[in-house]
Amino acid sequence: MKEERGERPWLTCRSLPPGALERIADTVADRCRVPWFAGAVKINVSLVPPMVLLPVFLHIAALHFLLGLVVLTSLPAVVLWYYYLTHRRKERTLFFLSLGLFSLGYMYYVFLQEVVPRGHVGYSQVALLTCGLILMLVALSRAKKDPGYLPISTSVDKPSQQAFPSKSVRGSSNGLHGAAAGGHSVNGETKGYSRVLAEEREGVKMDWCVKCQLVRPARAGHCRLCGRCVRRLDHHCVWINSCVGEQNHQAFILALFFFMLTSLYGIMLTLDTICRGRTPFTALFYCPGAYSDYSSALSFTCVWYCAIVTAGMGYILLIQLLNISYNVTEREARLALRDNAGRRLLGGLVIDTGQYNRGFLCNWGHFLSLGSPPQQRSAEDIV
């Protein structure tokens with residue numbers, strides 16, 4: 001009897017040993033495979049929930065106004081909860097990328113199936129919406145590429161840390177001055193880093209990364225999720241499952257911009273179809289015939305889902321544009337908040353560290369030149 005109880009702790013209301021649920025989840029995830037010609041292919045479990053739950057929830061929300069209110073209120077809360085859960089575990093997930101891409105595809109499908117057949121949307125409008133969607137996907141695919149990873153040093157060319165000065169500093173790559181060394185973890189910073197000043201030439205400081213065993217240039221940072229150092233690290237974006245850095249920051253902004261235009265245009269076309277004679281803003285909050293039939297109800301529910309997502313992405317785009325205008329990265333802003341080393345501007349929407357701010361036009365010129373090869377100076381100019 002004791003052995004049976006030991007084998008079945010859930011029957012005795014005793015707590016499971018630490019890590020038991022994680023091992024069970026890993027086992028279930030490893031068993032999720034799809035038969036294929038060359039053998040069973042393992043699928044990522046995080047890809048499945050958005051493709052299954054999103055259509056189900058939206059169809060349930062279209063049944064009644066109150067159901068729609070509950071579902072559309074709960075969905076953002078669940079997404080935020082899952083974000084903080086994965087962020088606390090410091091693990092990468094394809095859930096948000098899958099949710100974003102499937103949301104785009106499903107909204108486009110509903111638009112073609114439920115809105116276009118009503119005859120109020122012309123072919124030129126459908127073509128324009130499709131072009132916007134394609135351009136956004138192209139920019140997104142570019143943003144998914146190398147964000148500017150620094151090459152990992154091999155065992156042969158790893159420099160010895162003893163070759164650098166022994167004065168430990170923190171802030172040489174954070175865009176801050178005079179901060180004390182610490183072991184906190186903020187937006188990609190791994191705990192326990194000891195940064196050693198390696199080079200200070202022409203006012204540009206470089207430091208040493210213990211994890212990657214390399215010297216980082218100014219404004220570079222180590223991403224704890226990707227496990228790599230990135231040039232001019234802005235932040236790790238869960239929506240593209242990659243870092244935003246020097247090489248892909250422009251494409252990231254472009255993808256957000258095309259998404260905003262395409263989403264707003266699709267919302268306007270849909271509301272103009274199911275709520276005739278009303279402005280889009282008025283129809284969004286007052287559309288008497290929205291639940292007259294299931295097709296209109298589903299379209300109206302998808303419009304509200306798009307509006308919620310667009311509002312969130314619009315806030316991200318606004319913060320990014322403000323940061324670019326002040327030439328500060330999201331990582332530098334968070335570190336400045338932590339160390340109380342920056343100025344809050346525009347009601348706290350932007351944190352100005354003051355180190356790289358050279359004025360609005362110069363800051364945008366610097367951003368637009370990201371990723372371009374540095375200008376080579378002749379020996380005469382150096383002398």
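Details of the structure are given in the entry above.
Residues numbered from 1 in each chain as written. Predicted model: local features only at pLDDT ≥ 70, side-chain atom pairs only at ≥ 80, totals over all residues. Heavy atoms only, no water.

Student: How do you make sense of the overall build of the chain when you look at a structure like this?
Tutor: Counting secondary structure elements, the chain contains twelve helices and eleven strands. Within the chain, the fraction of its 383 residues that count as buried is 40%. Across the chain, contacts joining residues at least 24 apart in sequence account for 65% of those joining residues at least 6 apart. (Helix = DSSP H or I, 4+ residues; strand = E, 2+ residues; numbered from the N terminus. Buried < 20%, exposed > 50% of the residue type's maximum accessible area, 1.4 Å probe, protein only. Contact = heavy atoms within 4.5 Å.)

Student: Teacher, can you tell me more about the packing of aromatic side chains here?
Tutor: The tally for this structure, following the rule as stated, stands at 14 aromatic pairs. Ring pairs connect the aromatic residues Tyr82, Tyr83, Tyr84, Phe95, Phe96 and Trp239, which therefore count as one cluster. Above the face of the Tyr356 ring, Arg219 is positioned so that its terminal group lies 4.0 Å from the ring centre. (Phe/Tyr/Trp six-rings, centres within 6.5 Å; stacked < 30°, edge-to-face > 60°. Lys NZ or Arg CZ within 6 Å of the ring centre and 35° of its normal.)

Student: Would you explain the packing of helix H5 (residues 95–115) against helix H7 (residues 249–274) in this entry?
Tutor: A pair of packed helices can be characterised by two numbers: the angle between their axes and the separation between those axes. As a packed pair, H5 and H7 sit with axes 12 Å apart at the nearest point and diverge in direction by 25 degrees. Taken together, the axis directions place H5 and H7 in an arrangement best described as roughly parallel. Handedness of the crossing formed by H5 with H7: left-handed. Residues Leu104, Phe111 and Val115 of H5 form the contact with H7, whose participating residues are Phe259, Leu269, Thr270 and Thr273. (Axes fitted to C-alpha atoms, helices over the stretch in contact; angles between N-to-C directions. Parallel < 35°, antiparallel > 145°, perpendicular 65-115°, else oblique. Left-handed = near helix turned anticlockwise from the far one by under 90°.)

Student: What is the right way to look at the nonpolar core in this model?
Tutor: For soluble globular proteins, the rule of thumb is that nonpolar side chains tend to be buried together. Core analysis: the largest hydrophobic core is formed by 31 residues, its most contacted members being Leu58, Met107, Leu271 and Tyr305. Examining the composition of this core, we find that eight residues originate from one element, helix H9 (residues 294–325), more than from any other. Ignoring sequence-local partners within four residues, the contact set of Leu271 consists of Arg276, Pro280, Ala283, Leu284, Phe300 and Val303. (Core = buried A, V, L, I, M, F, W, Y, C linked by side-chain atoms within 4.5 Å.)

Student: Looking at this structure, I do not really get the state of the cysteines. What am I missing?
Tutor: Each disulfide consists of one covalent bond between the sulfur atoms belonging to two cysteines. Counted under the stated rule, the structure contains one disulfide. Through a disulfide, Cys275 is tied to Cys287; the S-S separation comes to 1.6 Å. Residues Cys275 and Cys287 are joined by a disulfide whose S-S torsion is about -105 degrees; by sign, that bridge is left-handed. Within this pair, whereas Cys275 is found in the loop between H7 and helix H8 (280–285), its partner Cys287 is found in the loop between H8 and H9, the two being separated by twelve residues in sequence. Note on Cys275: relative accessible area 3%, which makes it buried. (Disulfide = S-S within 2.5 Å.)

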